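What follows is the residue order along each chain.
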Amino acid sequence: MVAIIGAGPSGIYAAEALSQQSDVPVAVAVLDRLPVPFGLVRYGVAPDHHSIRSIRNTLERTLEKSGVRFYGDVNIGSDVTIEELRGVVDAVIYAYGAGSDRRLGIEGEDLFGSIAAPEFVAWYCGHPDVHPDIDRMAPRGAVPASKAERAARLIATTQSAVVVGVGNVALDVARVLIKSVAELDDTDMADDVLDSLADKMVTDVHILGRRGPAYTTFTTKELRELGQLPDVDVIVDPADLEFDQSSRAVIEMDKVAARNVAVMADWAKAPRTNAARRIHLHFWTKPNAILGVDQVEAVQTERTRINADGYVEGTGETGLIPAQLVVRSVGYKGVQLPGVPFDPNTGRVPHSEGRVIRDGEFSTDEYVTGWIKRGPTGVIGTNKSDAVETVTSLLTDIHDGAIAGKHSIDELDELLADRGIHPLGMPAWHRIDAAEIELGESHGRRRTTLAHRSELLAAAEDHT
Ligand SMILES: Cc1cc2nc3c(=O)[nH]c(=O)nc-3n(C[C@H](O)[C@H](O)[C@H](O)COP(=O)(O)OP(=O)(O)OC[C@H]3O[C@@H](n4cnc5c(N)ncnc54)[C@H](O)[C@@H]3O)c2cc1C
């Protein structure tokens, strides 16, 4: 019996790999601390990227397979400890993702108006951690008490926003900030979120990259999308497209970089259309400080260059971008789950081919996959091959007799029942799914995300 901690893509792909083989019959429990499965496919992938979000239909089919069971609303580490869980299963696979963010380490980072991309993304995707239960919300006009209220207040007062970072998450954030609410209405964003976005008055989004256009981690399809937004000019300084030797080497070697640079070169040449809104791409620019008294008022920037050792350094030439909102999109970071081996330097669980290393030796029953194994990189599909590697190691260890199949899924159920935990299974997810579709259709949308935990739990209830 194998317990997988985390029902994001990596955990579900691991369940799929286990259920697709017939050499060793394995019962699989996929546990998640949230009432619903799918991890960042629900709470990260941009709501306006419908086809990518529809991957959840495939993931759902795996959770429906015989031999696989979903246990929602079970927080490993607090509802039950890792040790307790390991006591009732033959092996565990850690697939709990990278739940934290990286900081910039500059002055003003904690001012009101400076926010980490994971928090902003969780807000617009309707994550229950960010959306408090309705009875805990501050009245309109009062000091924002929750992260959701903070995000909503910021949106309503921001005309100019700075997004620090040049990856796809930065593009997602920029699109949500610059698109009109009418353009976001065909998403499944929660009603609270859409209401807040309706108050939006953002006209300018500035994206900052410490290096040149050759060094972004954008995918070309997502980058191009910026240029297709109606009534939005994308502004690139032609001077940023004069390449130094190292940029030229990157463009020669990396096809994606070459394609991205070509897209940006077209924008740099294009005349402005006097659109109502603008996205400015600033390269060779780093934020030095976030300025403001009680809240963000501007970002002080500095031009950068690559020094003789290949590192980015400031040139001393500074600038000022007036802004009321700063979103730092410089990466997600893994955190330690109590009782699980963890390397704070890499933000990952130490392993070899998915076998967890505990106190310098291979642990006999612990495996790892996904972002907490390899760090927050790659696309959703990367988690599939990653999970296959981990499951291959696990199955090899079963064959070699290193893991004895002595536990049944009933023992896990008994442990949870002893703790007074009532996991939500796939029938509960289907009720939530139906409630979200019904709510959406009731006001002419395809679906509306239920963002508050109390709403999710109420929808999950079986009234038959
Ligand atoms: C903003 C954003 C946009 C993205 N957009 C795209 C895109 O368009 N296309 C694409 O291919 N990829 C995209 N990705 C990447 C993709 O989402 C990741 O590759 C993938 O989700 C990583 O899977 P994971 O299972 O390792 O982690 P996650 O998806 O984070 O899943 C981890 C799961 O573990 C659960 N968990 C955490 N702690 C516990 C605990 N203590 N007990 C029980 N459960 C726990 C969490 O609730 C979560 O459900 C995006 C990522 C982000 C952040």
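The structure this text deals with has already been given above.
Each value, and the rule that gives it
- Residues numbered from 1 in each chain as written.
- Predicted model: local features only at pLDDT ≥ 70, side-chain atom pairs only at ≥ 80, totals over all residues.
- Heavy atoms only, no water.
- Helix = DSSP H or I, 4+ residues; strand = E, 2+ residues; numbered from the N terminus.
- Rg over C-alpha atoms; globule rule 2.2 N^0.38 Å.
- Buried < 20%, exposed > 50% of the residue type's maximum accessible area, 1.4 Å probe, protein only.
- Pairing = 2+ DSSP bridges.
- Axes fitted to C-alpha atoms, helices over the stretch in contact; angles between N-to-C directions.
- Parallel < 35°, antiparallel > 145°, perpendicular 65-115°, else oblique.
- Left-handed = near helix turned anticlockwise from the far one by under 90°.
- Contact = heavy atoms within 4.5 Å.
- Nonpolar A, V, L, I, M, F, W, Y, C, P; charged D, E, K, R; others polar.
- Near = heavy atom within 4 Å.
- Polar contact = N/O pair within 3.5 Å; in protein donor to acceptor, adjacent residues only side chain to side chain.
- Areas by Shrake-Rupley, 256 points an atom, 1.4 Å probe, with all protein chains shown as cover.

## Looking at the overall build of the chain
Tallying secondary structure elements over the chain gives 18 helices and 18 strands in all. A compact globule built from 464 residues should have a C-alpha radius of gyration of about 23 Å, and the chain, at 23 Å, falls within 12% of that. Dimensions of the chain along its principal axes, counting C-alpha atoms only, are 65 × 55 × 35 Å. Put simply, the chain has 464 residues, and 53% of those count as buried.

## Some words on the sheet that holds strand S13 (residues 312-322)
Reading across the sheet, the three strands line up as S11-S12-S13 and stay open at both edges, with antiparallel pairing between neighbours. A single partner strand is all that each edge strand has here, and the edge strands are strand S11 (285-291) and S13. Pairs of neighbouring strands in the sheet enclose a mean axial angle of 25°, with direction left out of account. With six bridges joining them, S11 and strand S12 (residues 298-306) adopt antiparallel strand pairing.

## Topic: the packing of helix H6 (residues 117-125) against helix H8 (residues 168-178)
Geometry of a packed helix pair, given as the angle between the helix axes and the separation of the axes. Where H6 contacts H8, the two axes come as close as 11 Å, and the packing angle between them is 50°. With respect to H8, the axis of H6 lies oblique. In this structure, H6 meets H8 at a crossing whose hand is left-handed. Packed against H6, whose contacting residues are Ala117, Phe120, Val121 and Tyr124, the element H8 presents Val169, Asp172, Val173, Val176 and Leu177 at the interface. By residue class, the composition of the contact of H6 with H8 is eight nonpolar, no polar and one charged.

## Here's the deal with the sheet that holds strand S17 (residues 355-358)
Paired through their backbone hydrogen bonds, the strands of a sheet run either parallel or antiparallel. With respect to topology, seven strands assemble into an open sheet ordered S3-S2-S1-S4-S18-S17-S16, the strand pairing being mixed. The sheet is open, and its two borders are formed by strand S3 (68-71) and strand S16 (351-352), each paired with just one other strand. Alignment of S16 against S17, held across two bridges, turns out to be antiparallel. Paired with His351 across the bridge in S17 is Val356. Here helix H15 (residues 382-399) sits on the sheet in contact with strand S1 (2-5), strand S4 (91-94), S17 and strand S18 (361-368), set at roughly 125° to S18.

## Concerning the site of the ligand
Close contacts around the ligand come from 30 residues, with Ser10, Asp32, Leu40, Trp371 and Ile380 the closest. A distance of 2.6 Å is found between an oxygen atom of the ligand and a side-chain nitrogen or oxygen belonging to Asp32. In this structure, an oxygen atom belonging to the ligand sits 2.7 Å away from a main-chain N or O atom of Ile380. Contact with the protein chains covers 91% of the free accessible surface of the ligand, which is 1000 Å². Broken down by secondary-structure element, the contributors of at least two residues to the shell around the ligand are helix H1 (9-20) and H8.

By themselves, these are just geometric observations and shouldn't be taken as functional.
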